[in-house]
Structure formats: structure tokens, C-alpha cells
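# Observations on chain architecture
The chain contents come next:
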Amino acid sequence: MIADLGYAALMIAFGVSVYAVLAAVYGMVRHDERWVTSARNATVLIFPLVLLACITLVVSMLRGDFSLEYVWRVTSLEMPTYLKVTALWGGQAGSLLFWNLLLAAFTCIAMLRHWREEHELVPYALAISTVTQIFFLGISLFVENPFARISPVPVDGNGLNPLLRHPGMIIHPPMLYLGFTGFTIPFSFAMAALLSGKLDDTWIRLTRRWTLVAWLFLSLGLILGGRWAYDVLGWGGYWAWDPVENASFMPWLAGTAFLHSIMIQEKRDMFKIWNMFLVLLTYILVIYGTFIVRSGVISSVHSFAQSAIGPLFFGFLLLMTIFSLVWIFIRWERLRSKNRLDSVLSREAAFLLNNFLFLGILFATFWGTNYPIISELFTGDKATVGPPFYQKVNGPLFALLLLLMGVAPLTMWYRTSLKRLEIMTRWPALAALAFIAILFALGIRSWVALLGYWIVAFAGIITVLEFWRGVRARVKKGEAPWTAFGRLMARNRRRYGGYWIHLGVVVMGFGIIGSTVYQQQTQLQLRQGETLTLGDFSMTFQGVERFPGPDDLIITEATVDVYKNGTFVKTLTPRTELYTRTNQPMTIPDKRSTFTEDYYALLINWEPMSSDLATFKVYVNPLINWVWAGGFIFILGTLIAGWTDPLLLREPAPARRRRLVAGGAATD
Amino acid sequence: MAETTWVNNEKVLVESRPSRLKFVIGGLFIVAALGFLIFNAMQDTTQLYVTVQEYYANPTKFAGKDVRIAGFVLGDSIQFTQVDAATTRLEFAVVDDMANPQQTMQIVAMNEPMPDLLQHEAQALVEGHIENGVFYANQGGLLLKCPTRYEEAAQHPTDQ
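What you see is a predicted model; the values in this text were computed from it and never measured.

## A word on the overall build of chain B
A count of helical and extended segments in chain B gives four helices and seven strands. Expressed as a percentage of its 160 residues, the buried residues of chain B come to 31%. When contacts within chain B are restricted to residue pairs at least 6 apart in sequence, long-range pairs at least 24 apart make up 48% of them.

So, in C-alpha cells, the structure goes:
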């Protein structure tokens, strides 16, 4: 039977992984190249084996083999084919298998790509990431087996949770998992540097590249998750500081701090120990995040049930942490930098402050997320903090971070004069002030919003000016403006990719402030022909219809006409869908979405006896599209920054550092 | 700050290096600020978790306080009423343990849409306060988790 084949493949993958680690360690200790090569060959096998296991599971789902408990849980006969395939990550056991697949793929790619050129590091890196693989394969095999059977065999399955039947939910988890598993590779290279004692620039280059890959996927996963929540969950928001959201946000924060501080190491050969800690922290948070999501240790909307995997994760986490810390300690003297910070007003110090702020946000988020555990431990009462906690603590920290994001690119390596900073920030500061004066004149009175917009505008203006300066310098040399712009990006991908990312953050900042401070909502029951008003909008209820949809669905759909300042703008059809077989209702909002605001309507009650009465909940979310647009720019910037020249990668490190320092100084 | 002026002379550069102390003080200041922010925010955002049983064991402890309750929903108790055009009232009872549904807590949520996941055996997480044995939910303070597992929402073979 095909599922048995999948289970066997998983078993073999487990055995092969164990062998690969042992062979790699033995080969490295004995300096025996044959064992190392054998370890490599074994590692290359893991990916196809786990892939085979995934394929057999997907085939079982496509064929409706409900003798497998997992297939029964997440699929049903009437589900469309694409959902049967994506149900692979629709539940606990399957998503852990999928985790394994992505990790195996990353390890395989990283190894094949760097085997020849980084031969001193790769065998160690292979061993470290395969240890992670062993842990997750073990969980898939012995705790959360996707090939477990049920008897008697049911005729039909339960089907995927309707909330998860959304395009956002089909791509959001894979992106998040790609981000999560991706961080294993930079960690492995950092550990490889510690274990091998080859502590030059090589590991930082590899680690930075792979961190950027993982970071790209994690950012994408976070943005898509927010979009899914906004479209599906029907509370008019996109981020709730839910433990599971925080679990994926925390490694992102640590990774972001690392991507910044790594630049100090590249240019000044400083902060090596700090960077090691950041890589370790990111990895720990990835495993911890998976643990939070999978164990249900902290109550959350997303979490799967309490399961036995909690202690296992904790044990593994502890093991890896101690192992890494011991090795950082062993190499401590060699990692210490001979260089010191020259001035509190320098690029280095700005990056350091950036790191403190990111870690501050990380700590606050960690504290809030784990407060139920902490408080129970120390006071005996389980207490929790809600979204207001995060807004109060992380709000000011993010504001400072944005301010720093504006100023930092103006600082120079080694030291910067206060005067220079003053000259360069004076006009942007005044322009931002003029901007909020206009906002004030337009009626914005919330000081939080005004201050926030001042900071965002200030950072935005400086970032745009950086582009402008670069282009102007090239135009002066005789290039056409667009050519100059294109070449500026192409020659300095990391720098200007980074600025694109900053611009994305600025655009998102506009959206987040607007939609957080100025969200409006109301709820009202309407008779046919009646109107409700909210802000500039009014909405007239035209009628409600009930009709059968595809499969077992019964759809109740209301028709409302939306007017803005008295002018008709759009007819909306908010509705509820009832999956009759499982009696699961689903409320589907409808919205009118523009650049300035979203009008978001939910049908929340309808009296079946009197079809002319219906209750609506409506939201006006200002600037929410800026959040998504900012996200898009952000991802674009990451792609630009990550698209490193293949030539640059092969260049010897010292030459490269010299050139980068020179390049950085020249553009200032 | 003398060392902040731009100097090219290597000798001056070395002499005017700030001591480590400056960075340590800066770091401590940031840690202190973070501590203050967290401490300050905790003052009015902390909620005690309460179970139905804990409440009945010591009702006065929770009276009037902002608390959060987690419990399983009794399907028969769910009521959604339109009080008047501008007001809806959602009411249901939760228990600690489905196998032992004697002690219940009545939850009342005003102007709150009926959550899609609100059904028998679903786990409800509600923020609010308790008044005379009735739990009044805060606006937006109602959160539902699927029965037993997120992945198997609404899928007890016996229900079908």
C-alpha cells in the first residue's frame, strides 16, 4: 500500500540522517575524507526520501484513503483537488512532515551549493542542520505520525476547516515554514565556524545570505498571515498580538537585528560574539515558535491541541542552546575583536542602538507572550496581558526605531560630527513638521497620530533623499536620470535594497498608524431600505437572499449600497456561508477598498422569519491598503538586497571588505 | 561633546575615544527605559485567568476585576438576541470540563457578532469582568477556538 511506502521512506530518512551526522563527525575528527563524503551522500538522500513520504501522503489524500487518520481529519471526498493537496499542511502531523521536507530541501541546496568552495565549513554545517532534521523526523515518526491508521475505515473524511479554505491560508503557512526552516541554515554555518575554528569572514557571508533568504520568506509569511486575518476572520484587523503571531514575529525581530549588526562585523571586524548570540537566538526562537504553535502551551486562537511534543521540544531546545553556548565560550578569545567603538555618534553605534531596540521589542513581546507561564510560576495565579500591553510597550520602541531608521543612514563609519547630522536632518525635520501641520489643519488632533506621522514622514523624506543624492551624483557624471537610478540600484544592491525595505516600512507605518488610531466601527439592525451612517459613509440595506452554493453550502447574502459623502460608490454583498454537513457557519465580509480607506461590512444577523431585517457590523479602516503596499515594497527591497552578484560571492573576503568600506565611504 | 567633531588625525582619534562607560551607561539607560515601559504597561493591562471552578471557590477574589476566562461552550445555551436596532446580546454558558458540566459560568457579550466557531464543545476565551456570577465580555474580548483541535473544527462524527 502506498502509505506504507511513505512511512518506510520516512523511517529510512531518519536512519540516513543519523548515519549522516555520525559519519560527518567521525570523518571530521579522523580527518578522513571518505567518511565526510559518505555523510554528504547520505544527506543528499534525505530530501528525496522525505519528498517521497510527502507524495505518498498527498496521493492518499487525492485518492481519499480514509484509513489514514490524517487524511480523514483534513480532507473529504467533495473537497476540490487543490485543497486536497494543500491539506498536506492543513493539520498538525502533515505540517510537521512538510516542515521536514522544507528543512531537507534547504540543507540539500545549501550543501550542494557550497560543498566545493567552503569545504572546511560545510561538513559541520551539514551535521548541525541534520541534527535538527533528526529531531523533526523523530517527531513525525514517533509522536505525530501522519501515516497513523484508524479503524474501522470511515466512508468520508471531515474536510479542511472552512477558515483555512482561503488562498491566503494556502500560501501563508508554507512561507512561514520556509522562513522558520530557512533559519536553520545560517545557524548551522555559524555553528560550523565555531566547531571548525575557521572564524574568518566566510561564515558571516554565508550566514548573511541564508538569513536573508529565510528572512524574506518569514516577512512574506507574516504579511500574508495579516492579510488572511483581515480577509477572513472578520474583526476588521490584521494583527492581534496573539501568541502564535508573536511566535513567528520574535524570530523575525532577532533575524532583523542580526542582518543589521552583521554589517558592523563585515566592515569593522567587530561584534563577532554578539552576532553569534543573535544567530543562536534566532534559531532558538524558531524552534521555540514551532513549539508554541504545536504544543498549545499558551492559549491562542491558532494553537493545536495540547500534545505530547511539548517536553520533547523543550529538551531539544535546551540541548542545542547549551551546546551552542559552550562552543561560543570555547572560541570566546578568538572571537573577541581588537577594534573598539570610536564614537557614540557613528554608524556602528547606530547599528548597536538598532540592535538594542529590536531586542527590546523582542523581550517585551517574549515577556507578554509568556506572561501566563511566568506569572503562574512566581505568583501561582495565571495572568495574561492583551494587545494594549504590546501597543504601550512596543509602540514607543517602534517609534524610536523608525526615527533611528531615518537618521542612521546619515551617520558615517568610525565617527560623525553632530554638526553634519544637524545639517542633514534640519530640512527633512522641518518638512515633516510642515506635513503634520497640514494634517492638523485637516482636523487630525490625536497627538499619537501626529507624532507618529512626523516620525514616519521624517524617516521617509531622508530615505527618498538618499536615493535622490545617489541619482544626482550619477546624473552629474552624464547619465540619464533613469539609467542613473537603475545603475545605482544594480551597483549597490545591498545598500539600496535596504533603503527600499526602509521605504516599505515607512509606507506600512502610514497605514498602521491610520488604521490603528482612526478605525471606526458600528453595529445596527436595519429594515429593508433603511440606512446606517459611519464617518463619511452611509449604507442602505437593499435586501437579503438565501440560496444553495456549491457542495453542501447554503449562502445568505445581503445587498447593501454604500455612499460616501452622499455619492453612491459601490454595492456590497456581505454574506454568511453555512457548511450544512458540519454545521459550520462562515461569515464573509465584503469591502470597498481604496487607497484612502476600506469600508468593511459584515452581515452578523438575519431573522429567517422576517427577511427584511438584518444586522450589520461595519468598519472604516483608514489607509489599510498602505499596509499591504508597504509590505509589497518591503519584499521587493529584500529581493533587491538579496540578489547578490555571483561574482561578488566568489571574491576573496578581505578584498571584498576593503572595497565595501571604500564604496560606503564614497557614497556618503 | 568634544569627541563628536570630525577628525582625520589618527592621534586625536585615539585620544578622544569614548570610554566603555559611556556605552554601558547608554545600555543601562535603555534597559531601565524598557523595564519602565513594561512595568507601566502591566499596571492596567494584566488580567487574571480564571476557571469556572476557581471562581466559585473564591468569588470575591475576582469581583470587579478585569479577568479572562477559558471554558468549553455548552451548545444548547447559545442565544443571540436582537434587543433593539442598535443592540445585540449574545449569551452562552461555559464549563471547565465537558464531562462534568455542573458548574457553569454564564457569558454575556453585547454588540458582538456571533463568532463562526461558537458551537458545542468549542473553547471560548473571554475577557471581561464578573458581576453577580455573570461574566460580561469586553468589546472585542471574545475569542473562540475550535472544538478539541483547530484542525478538526466542527467534525465530531456523532454530530453528522
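Next, the rest of the story.
## Remarks on the overall build of chain A
Looking only at helices and strands, one finds 22 helices and eleven strands in chain A. Against the 2.2 N^0.38 benchmark of 26 Å for 668 residues, chain A shows a C-alpha radius of gyration of 27 Å, consistent with a compact globule. Overall, chain A is about 80 × 75 × 60 Å in size when its C-alpha atoms are taken along their principal axes. Classification of the 668 residues of chain A by burial places 50% in the buried group. Within chain A, residue pairs in contact and separated by at least 24 positions form 71% of the contacts whose partners lie at least 6 positions apart.

## Comments concerning the packing of helix H8 (residues 184-196) of chain A against helix H12 (residues 309-330) of chain A
Residues and elements named next belong to chain A. At a closest axis distance of 9 Å, the pairing of H8 and H12 adopts a crossing angle of 50°. Here H12 runs oblique to H8, going by the angle between their axes. Viewed along their axes, H8 and H12 form a crossing whose handedness is left-handed. When H8 is examined against H12, the residues Met191, Leu194 and Leu195 are found in contact with a partner set consisting of Ser324, Trp327 and Ile328. Here the residues of the contact of H8 with H12 are counted per class, giving five nonpolar, one polar and no charged.

## Some remarks on the sheet that holds strand E11 (residues 613-622) of chain A
Residue and element names in this part refer to chain A. Spatial strand order, E2-E11-E10-E9: four strands in an open sheet with antiparallel pairing. Each having just a single partner strand, strand E2 (520-527) and strand E9 (590-593) make up the two edges of the open sheet. On average, adjacent strands in this sheet sit at an angle of 20° to one another, irrespective of strand direction. Sheet topology note: the E9/strand E10 (residues 597-606) ladder contains four bridges and is antiparallel. Residue pairing in the sheet places Asp590 in a bridge with Ala601 of E10.

## Observations concerning helix H20 (residues 624-642) of chain A
Residue and element names in this part refer to chain A. Between its first and last C-alpha, H20 extends 28 Å over 19 residues, near the 27 Å set by a 1.5 Å rise per residue. Those residues of H20 not exposed but buried are Ile624, Trp626, Val627, Gly630, Gly631, Phe634, Gly637, Thr638, Ile640 and Ala641. Where the residues of H20 are buried, they touch helix H9 (201-233), helix H18 (481-491), helix H19 (493-517), E10 and E11.

## A few points about the confidence of the model for chain A
Residues and elements named next belong to chain A. Of the residues in chain A, 93% have a pLDDT of 70 or more, and the chain-wide mean is 88. Ranking the helices and strands of chain A by mean pLDDT puts strand E6 (residues 567-572) first, with 96, and helix H22 (residues 653-667) last, with 45. Segment residues 646-656: pLDDT under 50, and seven contacts once partners within four positions in sequence are set aside and those in other chains are kept.

## A short note on the packing of helix H16 (residues 418-441) of chain A against helix H17 (residues 447-476) of chain A
All names here are of chain A. One way to put it is that H16 packs onto H17 with a least axis distance of 8 Å and a crossing angle of 140°. In terms of orientation, H16 lies oblique with respect to H17. Read as a crossing pair, H16 and H17 show a hand that is right-handed. Residue-level contacts link Pro428, Ala429, Ala431, Ala432, Leu433, Phe435, Ile436, Leu439 and Phe440 of H16 to Leu450, Tyr453, Trp454, Ala457, Phe458, Ile461, Ile462 and Leu465 of H17. Each residue belonging to the contact of H16 with H17 can be placed in one class, and the counts come to 17 nonpolar, no polar and no charged.

## Some remarks on the pairing of strand E2 (residues 67-73) of chain B
All names here are of chain B. Most of E2 sits inside the fold, with six of its seven residues counted as buried. Where strand E1 (residues 46-50) and E2 come together, three bridges link them in parallel fashion. Each residue of the ladder has a partner; that of Leu48, found in E2, is Val67. Sheet topology places E2 next to strand E6 (residues 123-131); six bridges connect them, and they run antiparallel. For Val67, the partnering residue across the bridge sits in E6 and is Gly128. Bridge count for E2 against strand E4 (residues 87-95) is two bridges, and the pairing is antiparallel. Looking at E4, one finds that Val73 is bridged to Val94.

## A look at helix H14 (residues 347-379) of chain A
At Tyr371 of chain A, H14 of chain A shows its maximal kink, close to 65°; a proline, Pro372 of chain A, follows between one and four residues later. Just beyond H14 of chain A, the residue with positive phi is Gly380 of chain A, at close to 85°.

## Notes on the domain arrangement of chain A
Residues and elements named next belong to chain A. One can read the domain layout of chain A as domain 1 (1-165), domain 2 (417-517 + 626-667) and domain 3 (520-622). Each of domain 1 and domain 3 was reduced to a C-alpha centroid, and the two centroids are 44 Å apart. Counting residues at the interface gives four residues for domain 1 and five residues for domain 3. Class assignment of the residues belonging to the side of domain 1 that touches domain 3 gives a composition of two nonpolar, one polar and one charged.

## Quick word on the environment of Val94 of chain B
Residue and element names in this part refer to chain B. With respect to the helices, strands and loops of the structure, Val94 is situated in strand E4. Sequence separation between Val94 and Asp116 is 22 residues, and the spatial gap between their C-alpha atoms is 17 Å. The contact partners of Val94, leaving out residues within four places of it in the chain, are Val52, Ile69, Gly71, Phe72, Val73, Thr104, Met105, Ile107 and Ala124.

## What to know about the pairing of E11 of chain A
All names here are of chain A. Among the ten residues of E11, nine are classified as buried, and the element is accordingly described as predominantly covered. Across eight bridges, E2 lies against E11 in antiparallel orientation. Residue Leu524 lies in a different strand from E11, and its bridge partner there is Phe616.

## Some details on unusual backbone geometry
A cis amide bond, omega 0°, links Ser151 of chain A with the succeeding residue Pro152 of chain A. Along the polypeptide, Pro152 of chain A turns up in the loop between helix H6 (122-143) and helix H7 (167-182).

Calculation rules
- Residues numbered from 1 in each chain as written.
- Chains lettered and ligands numbered in written order.
- Predicted model: local features only at pLDDT ≥ 70, side-chain atom pairs only at ≥ 80, totals over all residues.
- Helix = DSSP H or I, 4+ residues; strand = E, 2+ residues; numbered from the N terminus.
- Buried ≥ 20, exposed ≤ 12 C-beta atoms within 10 Å, placed from the backbone.
- Contact = placed C-beta atoms within 7 Å.
- Rg over C-alpha atoms; globule rule 2.2 N^0.38 Å.
- Axes fitted to C-alpha atoms, helices over the stretch in contact; angles between N-to-C directions.
- Parallel < 35°, antiparallel > 145°, perpendicular 65-115°, else oblique.
- Left-handed = near helix turned anticlockwise from the far one by under 90°.
- Nonpolar A, V, L, I, M, F, W, Y, C, P; charged D, E, K, R; others polar.
- Pairing = 2+ DSSP bridges.
- Expected span 1.5 Å × (residues − 1).
- pLDDT = per-residue confidence, 0-100.
- Bend = angle between axes of the 7 residues up to and from the residue.
- Domains from an automatic or database assignment.

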